[in-house]
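Structural features, examined
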Amino acid sequence: MIKSRLNSFKYALTGILVTFRSETNFRIHLTGAFLAILLSTYLSISRIEWVAIILCIVLVLAAEVFNTSIEKLVDLMHPERSDKAGVIKDISAGAVLITAIGSLVVAGIILGPNALKLL
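Attention here is on the structure that accompanies the text.

Once that is clear, we can look at the nonpolar core. Considering soluble globular proteins, one finds that nonpolar side chains tend to be buried as a cluster. By size, the foremost hydrophobic cluster in this structure holds eleven residues: Phe 26, Ala 33, Ala 36, Leu 43, Ile 45, Ile 53, Ile 57, Leu 61, Ala 107, Ile 110 and Leu 111. For this core, the element with the most residues is helix α2 (residues 24–43), which contributes four residues. Sequence-distant contacts of Leu 61, defined by excluding residues within four places in its chain, comprise Phe 26, His 29 and Leu 30.

For Val 65, the position within the fold is in helix α3 (residues 47–77). According to the relative accessible area criterion, Val 65 is partly exposed, its value standing at 27%. Linking Val 65 and Val 51, residues 14 residues apart in sequence, is a C-alpha distance of 21 Å. Excluding its chain neighbours within four sequence positions, the residues that come into contact with Val 65 are Thr 19 and Phe 26.

The next subject is a nonpolar patch on the surface. Taken together, the side chains of Leu 97, Ile 101, Val 105 and Ile 109 present a nonpolar region at the surface, about 390 Å² in accessible area. Along the chain, Ile 109 falls in helix α4 (residues 83–118).

Calculation notes
- Residues numbered from 1 in each chain as written.
- Predicted model: local features only at pLDDT ≥ 70, side-chain atom pairs only at ≥ 80, totals over all residues.
- Heavy atoms only, no water.
- Core = buried A, V, L, I, M, F, W, Y, C linked by side-chain atoms within 4.5 Å.
- Buried < 20%, exposed > 50% of the residue type's maximum accessible area, 1.4 Å probe, protein only.
- Helix = DSSP H or I, 4+ residues; strand = E, 2+ residues; numbered from the N terminus.
- Contact = heavy atoms within 4.5 Å.
- Patch = residues over 30% accessible without salt bridge, like charges linked within 9 Å, V, L, I, M, F, W, Y side chains within 5 Å.
- Areas by Shrake-Rupley, 256 points an atom, 1.4 Å probe, with all protein chains shown as cover.
- Salt bridge = Lys/Arg side-chain N within 4 Å of Asp/Glu carboxyl O.

Here it is in structure tokens:
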């Protein structure tokens, strides 16, 4: 029982690593997350603001992992170019864009005013 649970974590971490290695956008999002964490730390944001920032980071990274999964599944099912497969990939990428834009808005609301005071 414990071994199967540990294997589940191993498989999940492998999926994250595959995404990290194969998806430039995932690495870009991780860089943005790192910068948001650095700026949030420097600005000493409140606990509730930390919750919002961390939730946004998690949502964007999870959306990117789901997007990668969907893209790889579509490629497996339709290795040849297909307009319908392309639409599925575009929709999945659109979900990532929605979470990223929403996260930028949240970051702007939380970090923007404090960052402007530093100028």
